[in-house]
Amino acid sequence: ATELHGSGVKVCSVAGFPLGATPTSAKLHEAESALREGAREIDMVIHIGALKERDYQAVKSDIQSVAQLCHAGGARLKVIIETCLLDDAEKVAACTLAKMAGADFVKTSTGFSKAGATAADVALMRRVVGPEMGVKAAGGIRTLADLRAMVDAGATRIGASASVKIMEAAAR
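Description of the structure in this document. (Residues numbered from 1 in each chain as written. Predicted model: local features only at pLDDT ≥ 70, side-chain atom pairs only at ≥ 80, totals over all residues. Heavy atoms only, no water.)

This brings us to the sheet that holds strand E6 (residues 157-159). One open sheet accounts for six strands, arranged E1-E2-E3-E4-E5-E6; its pairing is parallel. Each end of this open sheet is capped by a strand with a single partner; those strands are strand E1 (12-15) and E6. Strand after strand, the sheet turns through a mean of 25 degrees between neighbouring axes, direction not considered. Two elements, strand E3 (residues 76-80) and strand E4 (residues 105-107), share three bridges in a ladder whose sense is parallel. Residue pairing for E4: Ile 80 is matched across the bridge by Lys 107. Most of the contacts of helix H3 (residues 56-72) go to E3, to which it runs at about 155 degrees, and overall it touches strand E2 (41-45) and E3. Relative to the sheet, helix H5 (residues 119-129) contacts E4 and strand E5 (134-138), its axis offset from that of E5 by approximately 165 degrees. (Pairing = 2+ DSSP bridges. Helix = DSSP H or I, 4+ residues; strand = E, 2+ residues; numbered from the N terminus. Axes fitted to C-alpha atoms, helices over the stretch in contact; angles between N-to-C directions. Contact = heavy atoms within 4.5 Å.)

Time to look at helix H4 (residues 88-101). Over its 14 residues, H4 runs 20 Å from end to end, which matches the ideal 20 Å to within 8%, given 1.5 Å per residue. Contacts from the buried residues of H4 go to helix H2 (48-52), H3, E3, E4 and H5. Its side-chain oxygen placed 3.1 Å from the backbone nitrogen of Ala 89, Asp 87 serves as the N-cap of H4. (Expected span 1.5 Å × (residues − 1). Polar contact = N/O pair within 3.5 Å; in protein donor to acceptor, adjacent residues only side chain to side chain.)

Let us now look at the packing of H3 against H4. Where H3 meets H4, the closest approach of the two axes is 8 Å, and the angle between their N-to-C directions is 45 degrees. Here H3 is positioned oblique relative to H4, judged by the angle of their axes. Taken as a pair, H3 and H4 cross one another with a handedness that is right-handed. Contact residues: Tyr 56, Val 59, Lys 60, Ile 63, Gln 64 and Ala 67 in H3; Ala 93, Leu 97, Ala 98, Met 100 and Ala 101 in H4. Broken down by class, the residue content of the contact of H3 with H4 amounts to nine nonpolar, one polar and one charged. (Parallel < 35°, antiparallel > 145°, perpendicular 65-115°, else oblique. Left-handed = near helix turned anticlockwise from the far one by under 90°. Nonpolar A, V, L, I, M, F, W, Y, C, P; charged D, E, K, R; others polar.)

Let's shift gears to unusual backbone geometry. Leaving glycine aside, a negative phi is the common case for residues, and trans is the common case for peptide bonds. Following Phe 17, the chain continues to Pro 18 via a peptide bond in cis, the omega torsion being 0 degrees. Along the polypeptide, Pro 18 turns up in the loop between E1 and helix H1 (24-36). One non-glycine residue with positive phi stands out, namely Arg 54, at about 60 degrees. In this fold, Arg 54 is placed in the loop between H2 and H3. Taking relative accessible area as the criterion, Arg 54 reaches 65% and is therefore assigned exposed. (Buried < 20%, exposed > 50% of the residue type's maximum accessible area, 1.4 Å probe, protein only.)

Attention shifts here to the environment of Glu 90. In this fold, Glu 90 is placed in helix H4. With a relative accessible area of 15%, Glu 90 lands in the buried category. Separated by 13 residues in the primary sequence, Glu 90 and Leu 77 place their C-alpha atoms 20 Å from one another. Setting aside residues no more than four positions away along its own chain, Glu 90 makes contact with Leu 51, Lys 52 and Leu 85.

This brings us to the pairing of E2. In terms of burial, E2 is a largely internal element, five of the five residues being buried. The alternating pattern of E2 places Glu 41, Asp 43 and Val 45 and Ile 42 and Met 44 on opposite faces, both of which are buried. Across four bridges, the pairing between E1 and E2 is parallel. Bridge pairing in E2 places Ala 15 opposite Met 44.

Taken as a whole, this structure holds one aromatic pair when the rule is applied. Taken together, a centroid distance of 5.4 Å and an interplanar angle of 85 degrees make the contact between Phe 17 and Phe 112 edge-to-face. Here Phe 17, found in the loop between E1 and H1, pairs with Phe 112, found in the loop between E4 and H5; they are 95 residues apart in sequence, far enough to count as distant. You can call Phe 17 partly exposed: its relative accessible area is 29%. (Phe/Tyr/Trp six-rings, centres within 6.5 Å; stacked < 30°, edge-to-face > 60°.)

Here it is as structure tokens:
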């Protein structure tokens, strides 16, 4: 945050990464610490176990607590739903809960599970959250064609470790 001060680049950190199974109190501590150090965006991982158990109140409360902290600190919250571990009904539930809880974005993956973003998942997420929320595609985006497919599906942000290679291809 110190190095980027004044540049317009927002620092992002994580909470509950990469598995999401940590208690809300731990996610809040991680987010609070990151905000204090200058983060302006937090990527939290949804509690996948609670979602799969259909404990929707726990999932919503978890997200809502972190969202309130982030917003009070002038930061945005992205909720990673780890799409490759969910069926479509669970993806819809996760996106709906994130929206109800006040998150700013839903995000496809951490990049640490068995697969990353797919255009089909991004399109589903966009349909569920509508135009009010951001959709971030992350994981497995390695080419300009991959990036374009995600944007065409409704992604408003892309997370890619191949960003330099993709931008070089776009410049050509």
